[in-house]
Amino acid sequence: MPPTPRPLRTLGFLTIGLFDPADPRRGHESTLEIIELGERLGFDSAWVRHRHLQYGISSPVAVLSAASQRTRRIALGTAVIPLGWENPLRLAEDLATVDLLSGGRLNPGVSVGPPLHFDQVKGALYPDTADAEDFGYGRVERLLDFVRGEPATDFSGVEGIEVFSDRVQPHSPGLGRRLWYGGGSLRSARWAGEHGMNLLTSSVVKAEEPEGPYDFAQIQLAQIRAFRAAHPDGEAARVSQGLVVIPTDSASPGQRARYEEYAAQRTPRTASPQGPARLLFAPDVVGTSAEIAERLREHAAFREVDEVAFALPFSFEHEDYVQILTDMATKLGPALGWRPGA
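What you see is a predicted model, and the numbers here were worked out from it, not measured in a lab.

Enquirer: So what exactly am I meant to see when it comes to the layout of surface pockets here?
Expert: Empty pockets left among the atoms are what a rolling probe the size of a water molecule brings to light. Of the voids in this model, the largest pocket is the one considered here, and its volume is about 1,500 Å³. Those elements that place two or more of their residues in the lining of the largest pocket are β3 (75-82), β7 (180-182), α6 (186-194), β9 (204-206), β10 (239-241), α8 (253-266), β12 (279-281) and β14 (307-311). A class-by-class count of the residues in the lining of the largest pocket yields 27 nonpolar, 17 polar and 6 charged. Of the voids in this model, the second largest pocket is the one considered here, and its volume is about 390 Å³. Every residue lining the second largest pocket is counted, 18 residues in all, and those nearest its centre are L18, F19, G27, S30 and F316. Elements supplying a minimum of two residues to the lining of the second largest pocket: α1 (24-41) and α10 (318-335).

This is the structure:
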């Protein structure tokens, strides 16, 4: 298999930021320490997942605000904020604020759809407007407009001693070019391209052909190509891939055994589409960096990208993440042609 025609340019990682409900501060501190480690190792980006009513990061923008003050270079992203839980105008204010505090390093990733378990949470989240809320692409368009500086109101000027703006403040001029859409279907990929967003792919795609074949890499490749075909930047449009990879170069025998068991438990879901949404999962990739690099070069979608945000496994210990990230930066990244950031 020839090497990827797109040498790996940007190496990132993604963490869910789990915590013990009896000691939530420690879990958040661990996430911040991992991001700091990522910067020291030369990673180009660090991304956090978003979880509501779970023991994971529920406020990624707040966490990244803290991370922005403990780092200087690494890009900070969300993968992804489900907009069904958000007011786009308020979110635009928060995103611009953190982007300015970070020196222009924020990369917000978003997605659409009704909130998870909507029937159970709508009374708390939207007690009066649940049936009227738009959970489709229109919600993203509102966010895009607000972040890009389009008017939010027809009123501006001076009222008494107060001055009002007709657009969201603060305004961060470059942020609109760093908005990502997390999509796993052809429709979402095309929509993101048509609206000039960047595309976050992950280890999950929608299997849209009822009879198959179910080849994860080929499905994801088709989505990437549909995105770029629809994007004003064409082949230069940014795509990041987020597979779960677990290098074992410096792992202890006990760590290797746990990593392999973790991947094996998750492998059955990769054989066929899962659930009504027909979601197809990619296998986790466990092995030495040389072995992982060889498998990635055989992955049709990986060969189409030059940015990755490898997903860290959900439930490992802090020390495990230190080992995995260190191997990613010192072994796997270089094996894929990447060089650490300055």
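Enquirer: How should the pairing of strand β4 (residues 106-111) be read in this particular structure?
Expert: Looking down a regular strand, the side chains alternate between one sheet face and the other. β4 sits mainly inside the fold: 6 of its 6 residues count as buried. Going residue by residue along β4, you find L106, P108 and V110 tucked away on one face and N107, G109 and S111 tucked away on the opposite face as well. By the bridge criterion, 5 bridges tie β3 to β4 in an arrangement that is parallel. Looking across to β4, one finds that I81 is bridged to V110. Taken together, the 2 bridges between β4 and β7 define a ladder with parallel strand orientation. What sits directly across from G109, in β7, is W180.

Enquirer: In this structure, what is going on with the packing of aromatic side chains? I would like to understand it.
Expert: Given two aromatic rings, their pairing is described by the distance between the two centres and the angle made by the two planes. A full pass over the atoms with the stated rule returns 13 aromatic pairs. Between F43 and W338, the ring centres sit 6.4 Å apart and the planes meet at 35°, which makes this aromatic pair tilted. Taken as a pair, F43 in the loop between α1 and β2 (45-48) and W338 in the segment after α10 lie far apart in primary sequence, 295 residues in all. Here W338 falls in the buried class, since its relative accessible area comes to 0%. Ring geometry for F118 and F135: centres 5.2 Å apart, planes at 80°, overall edge-to-face.

Enquirer: Which parts of the structure should I look at to understand the pairing of β2?
Expert: On β2, burial covers both faces: S45 and W47 on one face and A46 and V48 on the other are all buried. The pairing of strand β1 (residues 10-15) with β2 spans 4 bridges and is parallel. Opposite L14, over in β2, you have W47 as the bridge partner. Running through α1, the crossover from β1 to the neighbouring parallel element β2 is right-handed. Taken together, β2, helix α2 (residues 60-68) and β3 constitute a β-α-β crossover, and its handedness is right-handed.

Enquirer: In this structure, what is going on with the pattern of salt bridges? I would like to understand it.
Expert: Side-chain pairs of opposite charge can arise whenever the charged atoms involved come near each other. Throughout the structure, instances matching the rule amount to 14 salt bridges. Residue R9 is joined to D306 by a salt bridge in which the shortest nitrogen-to-oxygen separation is 3.4 Å. You can see R9 sitting in the segment before β1 and its partner D306 sitting in the loop between α9 (289-297) and β14, a full 297 residues away along the chain. Judged by its relative accessible area of 45%, R9 falls in the partly exposed class. A relative accessible area of 16% places D306 in the buried class. We note a salt bridge from R258 to D320, for which the minimum N-O separation is 3.0 Å. In this pair, R258 is assigned in helix α8 and D320 in helix α10, connecting sequence segments 62 residues apart. When its relative accessible area of 35% is taken as the criterion, R258 is described as partly exposed. Accessibility expressed as a relative area gives 3% for D320, which makes it buried.

The rules behind each value
- Residues numbered from 1 in each chain as written.
- Predicted model: local features only at pLDDT ≥ 70, side-chain atom pairs only at ≥ 80, totals over all residues.
- Heavy atoms only, no water.
- 1 Å grid on protein atoms, 1.4 Å probe; cavity = no way out; pocket = protein on both sides within 12 Å on 5 of 7 lines; lining within 4 Å.
- Points joined across faces, edges and corners; volume = space filled by probe spheres on them.
- Helix = DSSP H or I, 4+ residues; strand = E, 2+ residues; numbered from the N terminus.
- Nonpolar A, V, L, I, M, F, W, Y, C, P; charged D, E, K, R; others polar.
- Buried < 20%, exposed > 50% of the residue type's maximum accessible area, 1.4 Å probe, protein only.
- Pairing = 2+ DSSP bridges.
- Phe/Tyr/Trp six-rings, centres within 6.5 Å; stacked < 30°, edge-to-face > 60°.
- Right-handed = clockwise from strand over helix to strand, strands pointing away.
- Salt bridge = Lys/Arg side-chain N within 4 Å of Asp/Glu carboxyl O.

So yeah, pure geometry; function would need other evidence.
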